[in-house]
Structures are given as C-alpha cells and as structure tokens.
Amino acid sequence: MQLVYRIMKKVFIFLFICLSNLFSCKKKADIESLFNSVFEMEIGYSADNIIGYASAFKINDDYCLSSAHNVVYKNNNDEYITYSYIVGRVYNSNIKIEFKVNDYNYEDDYVKLVPYQDSKETFNQIKSLSYSISNDYEIGSFCFSVGNLNNCGLSYNTGTISSKLKKIKYHNKENYFIQTSIEISKGVSGCPLFNDKYEVIGIMTFKLRDSNYEYIDGLSFALPLTAVFADNSSYW
C-alpha cells in the first residue's frame, strides 16, 4: 500500500511540474506574440533628421495608436504641426512602415496613425491587439507594458495598478489617468498598457517630476482607452 502511495505521489508531482512548465511556456509565448503588434517608432523631419523615438501599437485594421506629443508639436505661433517623418519598425525585423497622422487630440494626448499606401500590405499582415474599455480593473492588479525603452528595442515591463483614475492636470487640461508602478523612460511613450488578461487598457503617456524637476521612479501614467473610444458623455 505504501509503495502504491509513493508511486502515485511521484506521478502527481511529475504531472504538476509538466503542467506548470506548459503553462509557463504558453504564457511566455502569448507575451512574445504581443510584441509583433507594437512598433519601434522613429520621428522627425526626415530619415536623416530624426528628433525622437517612441512606441505605437496596432489596435484595429485601420490604424495604430500612440501619444500625440510624440508626433505633434506647437510652433511659435501656437499652431499644431505634425512631423513629416513617422516610421515604425516591425519587431525583430528590418521591416519599416511609414505612417501619417489620421486624427489626434493633443490635450488628451492620443493620435491615430495610418500607413501610407505603399505600406498598407505590410500593415495588414500585422495582428491587432485585443483591448478593453470597461475600466473594471482593480487597484493592486497586475499590469504590464511593451515599449521601445530608450530606443533599445521592445521590452516587457511589469507593475501594478496604483490608482484606477487619477485626476491630473496635463497639457493645460485636467484629465483622468491610470496610475501604475511600471518604470518608463524615453521611447516608451505611446506603448500599450495591458491588464492581466493581455488586453490593452491604456496608452503609456508620462511620468511625474519632483520639485527639482527630476523624474519620480515607479510612478507612471497611462491614458485610458475610454478617452479614445468612448463617447465623452459616458467617459466616466
């Protein structure tokens, strides 16, 4: 009887380890597949005059999303100008897609980018990310981002939801943002924020500075997708 018990115990442990490894491999594969829908962005006046780097992601068959401040700026006459060179590199390849601005909201800080005609075929082959605009995530829940950190290529960064809807004055307008503990830096702006179901819930936008104008680590903010897709009357 004891021999049977020992055998069954070993079989149970073996099956548990196999299932755990299988789940871990599947989770890793699922996360890596998300990278294929995120672009490493180069932005400037031309290919020889790049002024910055950012992130963007495909949200549907028509366009991708990013932060407006990545591709739009104000000139001395307070006119909004879009950069003429907006190019996204496909993950783990040398393939580049040239985009143009389709629509943007500078105050809310989001932009819709569409590919030029000669890049549409490549763009159409890229899978759109799943997303949610329900705002039903909980404080303390797991979240992560995939962005072009310091223009070193896409990276996976994890954290938690610190506050669901934090009201902050940004771009001269009070708005609501998702506060997270994810570390962000240059190049990450415009990347997707995911919940624990691998759904995009926001656009990583900015981090705060202290009184000495130094960035505060572990305090980042994302614009909820409700700001992009929901009717303003039902936004909150």
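Described in the following lines is the structure provided in the data block. (Residues numbered from 1 in each chain as written. Predicted model: local features only at pLDDT ≥ 70, side-chain atom pairs only at ≥ 80, totals over all residues. Heavy atoms only, no water.)

1. A few points about the pairing of strand β8 (residues 110-115)
And then number 1: Of all the six residues making up β8, six are buried; the element is thus mostly covered by neighbouring parts of the structure.
And then number 2: Of the two faces of β8, both are covered, the one formed by Y110, K112 and V114 as well as the one formed by V111, L113 and P115.
And then number 3: Two strands pair when backbone bridges link them, and strand β7 (residues 96-105) and β8 are joined in this way by six bridges, in the antiparallel orientation. Bridge pairing in β8 places N105 opposite Y110.
And then number 4: Counted along the chain from β7 to the antiparallel partner β8, the turn is four residues long, and its residue D109 has a positive phi close to 70°. (Buried < 20%, exposed > 50% of the residue type's maximum accessible area, 1.4 Å probe, protein only. Helix = DSSP H or I, 4+ residues; strand = E, 2+ residues; numbered from the N terminus. Pairing = 2+ DSSP bridges.)

2. Observations concerning the pattern of salt bridges
And then number 1: Evaluation of the coordinates by the stated rule reveals three salt bridges.
And then number 2: Of the charged contacts in the structure, one is a salt bridge between K167 and E174, with a shortest N-O distance of 3.4 Å.
And then number 3: We classify K167 as partly exposed; its relative accessible area is 47%. (Salt bridge = Lys/Arg side-chain N within 4 Å of Asp/Glu carboxyl O.)

3. Some thoughts on the side chain of N60
And then number 1: If you trace the backbone, N60 turns up in the loop between β2 (49-58) and β3 (64-66).
And then number 2: With residues near it in sequence (within four places) discarded, N60 still touches F123 and S128. (Contact = heavy atoms within 4.5 Å.)

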